[in-house]
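Each chain is listed here by its residues.
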Amino acid sequence: MTFEELGLGEEILKAVGDAGYSSPTPIQAQAIPQVLMGRDILGCAQTGTGKTASFTLPMIEILGQGRAKARMPRSLILEPTRELAAQVAENFNTYGKYHRLKKALLIGGESMNEQTSVLNRGVDVLIATPGRLIDLFDRGGLLLTDVKILVIDEADRMLDMGFIPDVERIVSMLPKIRQTLFFSATMPPEIRRLADAFLMNPKTITVAPPSTPAATVTQGLLMIPHSGRGGVNDHKLKREALRKLIGEEKPKNALIFCNRKRDVSTVFHSLKRHGFNAGELHGDMSQPARSATLEKFKNDEISLLVCSDVAARGLDISDLSHVFNYDIPTHPEDYIHRIGRTGRAGKSGRAFTLAMKEDGKYIERIKKLIGRDIPPMPMPGETNTAPASNEAAKEEAPTPAESGEKRQGRGGRRGGRDRAQKNDAPEKNDQKRAGKPEAPKAEASGKKDPAPRKSDSRQSRGRKTEDKDSAEVGLGKHVPAFLLREIPPQK
Ligand code: AMP
């Protein structure tokens, strides 16, 4: 199947060619001809399937004819997050570059005045998040009676985020006769009910949900031992493991997922303190701050982006080398979404998940969904291949008491306790280091000055401690056997 066979016009085909696409994805091949015929669509598809172009391309074609009136958009696209809305707007720029469509982005956190002044001039496409749209509508800033095409994207995410009442209200303000395109990654009963209410005789299109991560993604599971000293120390251990993993992996760029906004902030600040080139992205940030961070990440000015699922949902970042799950996702589908950010379009990617013993049930659910194991991996630094950074080696310095003890294997139970005790140091050091200029990235990620392997440094430190306590001269306490042998009496 080629794009030429889908019924799209010359200009769009040219723009698609410019984007470098050679053939339509399955959802595009199935949806585009139907949308062009004016049919409603129920698309069971998620990001990464090419679903955005499956509605933007035919919309550009349809909206190419006709003109918009002031404050009366001709089409409306509802997105659950500001980032997704911005991404859809970018799609219109890319595919609509040979058309003269006017679009407006109506998203929270950005100046309402600017957004309304664009609307006042008349727009063909309005891309909005539900809250801001209702806000403006209630202020009398727009009329929805001219909307001919409605797109509800990521409906299940809207449900998760509590937007469904808003969506229902918005739909009630639209003309009954319209074309509706409804997309959702999953179809729980609530979403099915909405689809039934909003759509008229839709064409249902289900594209194979990527229930298996791309084969190009190398996965790993890092079990973090408990500190035995409570949650705060467990988190310190996790952050330390993450830093070491980053040091070993040396990602070109990586998303680091946390389950909670609070942890996004903690992990971000911790990485910054340790000299990593990091940024953060979560729902509590102002929109300009979110947009600026995302831009920096896309331009490689920031190489590590700590984020929450909602903030990073659907982000299309090409050439992402790594994904780190600082927290294991509690919904197994999120695991696939997260690690699917890397290894795109046949490129290789690496995805590593940090977990603790109590995360076992989530690991099992993920394994069941992806139908395979997530290969367990050793603690970073336990393999001989990865040089530890000087800093990490410093942080792991044994106390004099420890160096006198007989050491057990690092993988054993005591290994975990050791790490917990040693791990107090980096956080204290963090405070001291705060305010220092950022260390160069290569150094932070262990590229420069690889320290001697920990076993070596430990041996040397161990000797030093002994030296201090009881200086050894010559053979020390060792008495060679020949000196103890009895000397036979001389005859
Ligand atoms: P989406 O599922 O809409 O988030 O799209 C995922 C990615 O696929 C985006 O980077 C698109 O630019 C890309 N894409 C969309 N359609 C095609 C296509 N036909 N061929 C190759 N890549 C595509």
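One can find the structure itself at the top, above this paragraph.
Structural notes, computed from the coordinates. (Residues numbered from 1 in each chain as written. Predicted model: local features only at pLDDT ≥ 70, side-chain atom pairs only at ≥ 80, totals over all residues. Heavy atoms only, no water.)

1. Section: the site of the ligand
- With respect to spatial proximity, 14 residues lie near the ligand, and among them Y21, G48, G50, T52 and D316 are the closest.
- Contacts to the ligand include T49, whose backbone N or O atom sits 3.0 Å from an oxygen atom.
- Take T52: an N or O atom from its side chain is 2.5 Å from an oxygen atom of the ligand.
- Coverage of the ligand by the protein amounts to 76% of the 500 Å² it exposes when considered alone.
- Here the shell around the ligand is built from residues that sort into 3 nonpolar, 8 polar and 3 charged. (Near = heavy atom within 4 Å. Polar contact = N/O pair within 3.5 Å; in protein donor to acceptor, adjacent residues only side chain to side chain. Areas by Shrake-Rupley, 256 points an atom, 1.4 Å probe, with all protein chains shown as cover. Nonpolar A, V, L, I, M, F, W, Y, C, P; charged D, E, K, R; others polar.)

2. Considerations on the sheet that holds strand β1 (residues 41-44)
- Across the sheet, 7 strands lie side by side as β3-β4-β2-β5-β6-β1-β7; this open sheet has parallel pairing. Strands at the two margins of the open sheet, each flanked by one partner only, are β3 (103-106) and β7 (203-206). Adjacent strand axes in the sheet meet at a mean angle of 10° when their direction is disregarded.
- Where strand β5 (residues 149-152) meets strand β6 (residues 179-184), 4 bridges bridge the pair, whose relative direction is parallel. For I152, the partnering residue across the bridge sits in β6 and is F182. (Pairing = 2+ DSSP bridges. Helix = DSSP H or I, 4+ residues; strand = E, 2+ residues; numbered from the N terminus. Axes fitted to C-alpha atoms, helices over the stretch in contact; angles between N-to-C directions.)

3. Thoughts on the packing of helix α4 (residues 82-95) against helix α12 (residues 287-298)
- In the contact formed by α4 and α12, the axes pass within 11 Å of each other and the chain directions differ by 60°. Judged on the interaxial angle alone, α12 and α4 are oblique. In the crossing of α4 with α12, the sense of the turn from one axis to the other is right-handed. Residues R82, E83 and E90 of α4 touch α12, and the partners they reach there are Q287, R290, L294 and K298.
- Class assignment for the residues of the contact of α4 with α12 results in 1 nonpolar, 1 polar and 5 charged. (Parallel < 35°, antiparallel > 145°, perpendicular 65-115°, else oblique. Left-handed = near helix turned anticlockwise from the far one by under 90°. Contact = heavy atoms within 4.5 Å.)

4. Brief notes about the packing of aromatic side chains
- Considering all chains together, one arrives at 4 aromatic pairs under this definition.
- Measuring from centroid to centroid gives 5.4 Å for F55 and F183, while their planes differ by 40°, and the two rings are tilted. Note that F55 is positioned in helix α3 (residues 51-63) and F183 in strand β6, a separation of 128 residues in sequence. Residues F55 and F183 agree in their burial class; the two are buried.
- Just above the ring of Y326 sits the side chain of K238; from NZ or CZ to the centre is 4.7 Å. (Phe/Tyr/Trp six-rings, centres within 6.5 Å; stacked < 30°, edge-to-face > 60°. Buried < 20%, exposed > 50% of the residue type's maximum accessible area, 1.4 Å probe, protein only. Lys NZ or Arg CZ within 6 Å of the ring centre and 35° of its normal.)

5. Digging into the pairing of strand β12 (residues 322-325)
- Of the two faces of β12, the one lined by H322 and F324 and the one lined by V323 and N325 are each fully buried.
- Where strand β9 (residues 254-257) meets β12, 4 bridges bridge the pair, whose relative direction is parallel. When the bridges of β12 are listed, A254 appears paired with H322.
- The sheet contact formed by β12 and strand β13 (residues 349-355) spans 4 bridges and is parallel. By the bridge assignment for β13, F324 is matched with F352.

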